[in-house]
Amino acid sequence: MRTVKLPVHLALIMDGNGRWATRRLRPRAYGHKAGVQNMFRICGHAFHLGVRIVTVFALSAENLSRPQEELDELFDLFRTFFDKKKEKLLELNAKIHVIGDLSALPSDVQVSMRALEEETGGNTNALLNICVNYGARQDVLQAVNKAVSLGRFVDDESFHALLLTAGVPDPDLIIRTGNEMRLSNFLLYQAAYAELYFSSKMWPEFSRRDLEKALVDFSSRNRRFGGLRSKE
Ligand code: IPE
Ligand code: IPE
Ligand code: MG
């Protein structure tokens, strides 16, 4: 992996938990639990390889339309991993930032998420953004409304500063698992020049080796940004 040019910012659409579980004749919640465990494995490996920023899509705004039973199971998982088993997140040694509208979450989960952000605020070597009840269009609209309320015109730079990802460089590589070729309302503005990589693996079975394959593939891409030569 030494000569591979790594993305500074890697974003992950962790899709396929439910199908992975259903194929094993297990409840969907079993897939979500395996999915969270794999998130630790893959984020840990990405940081270990030298990626500085990882953004994971944990729950979309549209996912709130799922049955309450599944949402409660997901909230329980957040409760576990942001509180009782928070050492798994602390082990990543990354600054943790939760992005999205947390008001839809149980209040104890909101409190533990904000507490973990505080606790990890001093970690400067790596950043883990966890998108929860996040939607890119919703984010663009709140940014537009903020600009309007401030009576300001915006340019690309000042618009970035109004988004929930303010201060974070755009993703260089977006990996989506679960055999779907779409962005599902993830980082739409920021993804303008992201390289996209789709894996047919379901998220719980996406391995460290699969991540390395995606990074090698990214490294071979010619990023022209509309110009004629790749940027080094
Ligand atoms: C992704 O897995 C995780 C969440 C959206 C919370 P899914 O739950 O979408 O799994 P599939 O796509 O139904 O298999
Ligand atoms: C995208 O997966 C959201 C997350 C991985 C959190 P979905 O399963 O919600 O996407 P669609 O509905 O198949 O587009
Ligand atoms: Mg899905």
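Preceding this paragraph is the structure being described.
Just so we're clear, the structure is a prediction, and the values are computed from it rather than from any experiment.

**Q** With reference to specific residues and values, describe the overall build of the chain.
**A** Helix and strand counts for the chain stand at eight helices and six strands. Starting at the N terminus, the α and β elements of the chain follow one another as β-α-α-β-α-α-β-α-β-α-α-β-β-α. Radius of gyration (C-alpha) of the chain: 18 Å, near the 17 Å computed for a compact globule of 232 residues. Across its three principal axes, the chain shows a C-alpha extent of roughly 50 × 45 × 35 Å. By residue count, 47% of the 232 residues in the chain fall in the buried class. In the chain, once contacts between residues fewer than 6 apart in sequence are set aside, the share between residues at least 24 apart is 73%. For the chain, the computed accessible surface area is about 12100 Å², with 50% contributed by carbon and sulfur atoms. If you average the places of the 32 positive and of the 28 negative side-chain charges in the chain, the two averages end up 6 Å apart.

**Q** Could you give an account of the layout of surface pockets, naming the residues involved and the relevant values?
**A** Here the largest pocket defines a volume of roughly 620 Å³. Taken together, 33 residues form the lining of the largest pocket, with Met-14, Asn-17, Phe-57, Ala-58 and Asn-63 sitting closest to its centre. Among the elements of the structure, helix 1 (17-23), helix 2 (28-49), strand 2 (53-60) and helix 3 (68-84) are those that each provide at least two residues to the lining of the largest pocket. It is helix 2 that provides the largest number of residues to the lining of the largest pocket, a total of six residues. Looking at the lining of the largest pocket residue by residue, the classes come out as 16 nonpolar, nine polar and eight charged.

**Q** Run through the nonpolar core, naming residues and quoting values.
**A** One broad trend across soluble globular proteins is that nonpolar side chains are buried collectively. Counting residues in hydrophobic clusters, the biggest one holds 44 residues, and the most contacted among them are Leu-12, Val-54, Leu-89 and Leu-128. If near-sequence neighbours (up to four positions away) are discounted, Leu-128 is found in contact with Cys-43, Phe-47, Val-54, Val-56, Leu-89, Leu-92, Ala-94, Lys-95, Ile-96 and His-97. Counting 12 residues, the second-largest nonpolar core is a separate cluster that includes Ile-13, Phe-57, Ile-174 and Phe-186.

**Q** Lay out the packing of helix 2 against helix 8 (residues 208-219) in plain terms, naming residues and giving numbers.
**A** At their nearest, the axes of helix 2 and helix 8 sit 9 Å apart, and the two run at 45° to each other. The angle between helix 2 and helix 8 falls in the class oblique. Where helix 2 crosses over helix 8, the two elements pack in a sense that is right-handed. Residue-level inspection shows Arg-41, Ile-42, His-45, Ala-46 and Leu-49 of helix 2 in contact with helix 8, the latter providing Arg-208, Leu-211, Glu-212 and Leu-215. Residue composition of the contact of helix 2 with helix 8, by class: five nonpolar, one polar and three charged.

**Q** I'd like to hear about the packing of aromatic side chains, residue by residue, with values.
**A** Applying the stated criterion across every chain yields a total of nine aromatic pairs. Relative to Tyr-134, the ring of Phe-57 has its centre 6.0 Å away and its plane inclined at 80°; by these criteria the two rings are edge-to-face. In this pair, Phe-57 is assigned in strand 2 and Tyr-134 in strand 4 (residues 127-134), connecting sequence segments 77 residues apart. Assigned by exposure class, Phe-57 and Tyr-134 land together as buried. Relative to Phe-206, the ring of Trp-203 has its centre 5.7 Å away and its plane inclined at 20°; by these criteria the two rings are stacked. Just as Trp-203 is buried, Phe-206 falls in that class too. Within the aromatic cluster, the residues linked to one another by ring pairs are Phe-57, Tyr-134 and Phe-186. Lying across the ring of Tyr-30, Arg-26 places its NZ or CZ 3.9 Å from the centre.

**Q** Can you tell me about the site of ligand 2, naming the residues and giving the values?
**A** Around ligand 2, a shell composed of Ile-13, Met-14, Asp-15, Phe-57, Ala-58, Leu-59, Ser-60, Asn-63, Arg-66, Arg-176, Arg-182 and Ser-184 is seen. Residue Arg-176 places a side-chain N or O atom 3.3 Å away from an oxygen atom belonging to ligand 2. In the environment of ligand 2, an oxygen atom lies 2.6 Å from a nitrogen or oxygen atom belonging to the side chain of Ser-184. Burial of ligand 2 by the surrounding chains reaches 78%, relative to a free accessible area of 390 Å².

Rules used throughout
- Residues numbered from 1 in each chain as written.
- Chains lettered and ligands numbered in written order.
- Predicted model: local features only at pLDDT ≥ 70, side-chain atom pairs only at ≥ 80, totals over all residues.
- Heavy atoms only, no water.
- Helix = DSSP H or I, 4+ residues; strand = E, 2+ residues; numbered from the N terminus.
- Rg over C-alpha atoms; globule rule 2.2 N^0.38 Å.
- Buried < 20%, exposed > 50% of the residue type's maximum accessible area, 1.4 Å probe, protein only.
- Contact = heavy atoms within 4.5 Å.
- Areas by Shrake-Rupley, 256 points an atom, 1.4 Å probe, with all protein chains shown as cover.
- Lys, Arg positive; Asp, Glu negative; His and termini not counted.
- Charge placed at Lys NZ, Arg CZ, Asp CG, Glu CD.
- 1 Å grid on protein atoms, 1.4 Å probe; cavity = no way out; pocket = protein on both sides within 12 Å on 5 of 7 lines; lining within 4 Å.
- Points joined across faces, edges and corners; volume = space filled by probe spheres on them.
- Nonpolar A, V, L, I, M, F, W, Y, C, P; charged D, E, K, R; others polar.
- Core = buried A, V, L, I, M, F, W, Y, C linked by side-chain atoms within 4.5 Å.
- Axes fitted to C-alpha atoms, helices over the stretch in contact; angles between N-to-C directions.
- Parallel < 35°, antiparallel > 145°, perpendicular 65-115°, else oblique.
- Left-handed = near helix turned anticlockwise from the far one by under 90°.
- Phe/Tyr/Trp six-rings, centres within 6.5 Å; stacked < 30°, edge-to-face > 60°.
- Lys NZ or Arg CZ within 6 Å of the ring centre and 35° of its normal.
- Near = heavy atom within 4 Å.
- Polar contact = N/O pair within 3.5 Å; in protein donor to acceptor, adjacent residues only side chain to side chain.

Geometric descriptors of this kind do not, in isolation, establish any biological role.
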